[in-house]
2 protein chains.
Amino acid sequence: MKTEKISEAVVRRLPIYLRYLNSLAMKNVMTVSSQELGQKLDLNPAQIRKDLAYFGEFGKKGIGYDVGYLIEKIRQILKLDRHIPVALVGAGNLGRALCNYNIYLREEMKIVAVFDASPGKWGETMGNLTVQPMSELAETIRRLGVRIGIITVPAMEAQNVANSFVAAGIEAVLNFAPVIIKVPNEVRVHHADFTAELQSLAYYLD
Amino acid sequence: MKTEKISEAVVRRLPIYLRYLNSLAMKNVMTVSSQELGQKLDLNPAQIRKDLAYFGEFGKKGIGYDVGYLIEKIRQILKLDRHIPVALVGAGNLGRALCNYNIYLREEMKIVAVFDASPGKWGETMGNLTVQPMSELAETIRRLGVRIGIITVPAMEAQNVANSFVAAGIEAVLNFAPVIIKVPNEVRVHHADFTAELQSLAYYLD
């Protein structure tokens, strides 16, 4: 299993497989074919078989994939079998939406701390968390072992927040601000860009 | 220019190029090299040249790309030179965040109507819009020529909203609800999934 060779496109599809497999497991469905996965997820079954083959031979011809085993394997590959605490900076509408969403996340990967630069936000409740001042960020991140940081501040403040995250030892950043942020090479950044999503959808209009 | 052959990965990178090119244009920068684009966007310059070559030969060796021309071309390819009105259903925190974000969007592709099923939300102001009841969705979408629908309702309600969008003639859907929705083949769906973003980031942690 050469994880370093897995393309970003495959890594981005695995959580989608996982979500559907979890819904099958909740319904006590034991096996699933690549055809069924393809139909439900709007993907080509051959693509799905290829994706899953990266990680070894899990499927059986004519029977399909063992749902529980596949869930376990994908969770291992995505490292979701480990505890990965997440912190968020920016207690606006989007930050609040994400914190409220926290209840849907598994225990292993939850937002565990929220920060904002504005004193007016400090002490506010977001989901099950209380907004803290930025001055507490470094210490809190170290104490809670936070590994991923989420940025939901306005574009102008995003780079500063990224710098604070990096200084505190964060390893990966999910940036919702509509701006490109720069971080050292060893830190991974994903941009969650609403405008880009809309624009790439527009491409598919006739 | 065979647009039907452009991969989804390329279509998803074009808005990222466009955003950076727009920032250069605002600073009156006239040309840019693939090296500089690559450095700013954390992409391989060869990948960038390959992406842009899909659409014809825009770059000049030793000089680079004409920023204005590239912006115009990418906007054409993404069909952003047309008017594409957007509607949103779900006036919660996330819906509000997206509507507030509306001011960053160009005139050609803005959210022009917001709906919610809950009477308590009707008449509320979100950004520059007023929340309307679902009963007005079909008529409003037709009147305003809305082509893309955004779903920011809880998972349980998302399929119903998708059905309403499809019935009203929407051509593409951006779904933020943490659930897979089914639509007819001729309708394009993108899932904006916060959990999946976090999970694919986790893959890159050591």
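Owing to the predicted nature of the structure, the values given are computational and were not obtained by experimental measurement.

Caption draft 1: Region of the structure containing the confidence of the model for chain A. Within chain A, residue pLDDT values average 87, and 95% of them lie at 70 or more. This prediction of the complex comes with two scores: 0.76 for pTM and 0.76 for ipTM.

Caption draft 2: Structural view of the pattern of salt bridges. Residues and elements named next belong to chain B. Tallied over the full model, the rule gives ten salt bridges over all chains. The shortest N-O distance in the salt bridge between Glu171 and Arg147 comes to 2.7 Å. With a gap of 24 residues between them, Glu171 in the loop between helix H7 (155–167) and strand S9 (172–175) and Arg147 in the loop between helix H6 (137–144) and strand S8 (148–151) connect regions that are remote in the sequence. A relative accessible area of 25% places Glu171 in the partly exposed class.

Caption draft 3: Up close: the sheet that holds strand S7 (residues 129–133) of chain A. Residues and elements named next belong to chain A. One open sheet holds the seven strands; their spatial order is S6-S7-S5-S4-S8-S9-S10, and the pairing between them is mixed. Both edges of this open sheet fall to strand S6 (125–126) and strand S10 (188–191), since each of them pairs with a single strand only. Here strand S8 (residues 148–151) runs beside strand S9 (residues 172–175); their pairing, made up of four bridges, is parallel. Note on S9: the bridge partner recorded for Ile148 is Ala172. Packed on one face of the sheet, helix H6 (residues 137–144) meets strand S4 (86–89), strand S5 (111–116) and S7 and runs near 175 degrees to S5.

Caption draft 4: Expanded view of helix H1 (residues 8–26) of chain A. Taking 1.5 Å of rise per residue, the 19 residues of H1(A) would be expected to cover 27 Å, and the 28 Å separating its terminal C-alpha atoms lies within 8% of that figure. A:Asn28 sits one or two residues past H1(A) and shows a positive phi near 60 degrees.

Caption draft 5: Representation of the environment of A:Val86 in the model. Relative to the helices and strands, A:Val86 resides in strand S4. Taking the C-alpha atoms as reference, A:Val86 lies 5.4 Å from A:Val146; in sequence the two are 60 residues apart. The residues touching A:Val86, leaving out its near neighbours within four places in the chain, are A:Met109, A:Lys110, A:Ile111, A:Val112, A:Ala113, A:Val146, A:Ile148, A:Ile150 and B:Leu198.

Caption draft 6: Focus on the packing of helix H1 (residues 8–26) of chain B against helix H2 (residues 34–41) of chain B. Residue and element names in this part refer to chain B. At a minimum axis distance of 11 Å, the contact between H1 and H2 shows a crossing angle of 110 degrees. Regarding the angle of H1 to H2, the classification is roughly perpendicular. Contacts between H1 and H2 pair Ile16, Tyr17, Tyr20, Leu21 and Leu24 from the former with Glu36, Leu37, Lys40 and Leu41 from the latter. Here the residues of the contact of H1 with H2 are counted per class, giving seven nonpolar, no polar and two charged.

Caption draft 7: Region of interest: the domain arrangement of chain A. Residue and element names in this part refer to chain A. Taken as a whole, chain A is organised into domain 1 (3–77) and domain 2 (86–197). The straight-line distance from the C-alpha centre of domain 1 to that of domain 2 is 30 Å. In this complex, domain 1 contributes four residues to the contact, which on the side of domain 2 involves four residues. Summed over both partners, the interface of domain 1 with domain 2 comes to about 330 Å²; 28% of that surface belongs to carbon and sulfur atoms. The three residues of domain 1 that bury the most area against domain 2 are Glu8, Arg12 and Arg75, which together make up 85% of that side's buried surface. At the boundary of domain 1 and domain 2, one finds zero salt bridges. Joining domain 1 to domain 2, the criterion identifies one residue pair in polar contact (both at pLDDT 80 or more). Top contributing element to the side of domain 1 that touches domain 2 by residue count: H1, with three residues.

What counts and what doesn't
Residues numbered from 1 in each chain as written. Chains lettered and ligands numbered in written order. Predicted model: local features only at pLDDT ≥ 70, side-chain atom pairs only at ≥ 80, totals over all residues. Heavy atoms only, no water. pLDDT = per-residue confidence, 0-100. Salt bridge = Lys/Arg side-chain N within 4 Å of Asp/Glu carboxyl O. Helix = DSSP H or I, 4+ residues; strand = E, 2+ residues; numbered from the N terminus. Buried < 20%, exposed > 50% of the residue type's maximum accessible area, 1.4 Å probe, protein only. Pairing = 2+ DSSP bridges. Contact = heavy atoms within 4.5 Å. Axes fitted to C-alpha atoms, helices over the stretch in contact; angles between N-to-C directions. Expected span 1.5 Å × (residues − 1). Parallel < 35°, antiparallel > 145°, perpendicular 65-115°, else oblique. Nonpolar A, V, L, I, M, F, W, Y, C, P; charged D, E, K, R; others polar. Domains from an automatic or database assignment. Buried area = accessible area lost by both parts, 1.4 Å probe. Polar contact = N/O pair within 3.5 Å; in protein donor to acceptor, adjacent residues only side chain to side chain.

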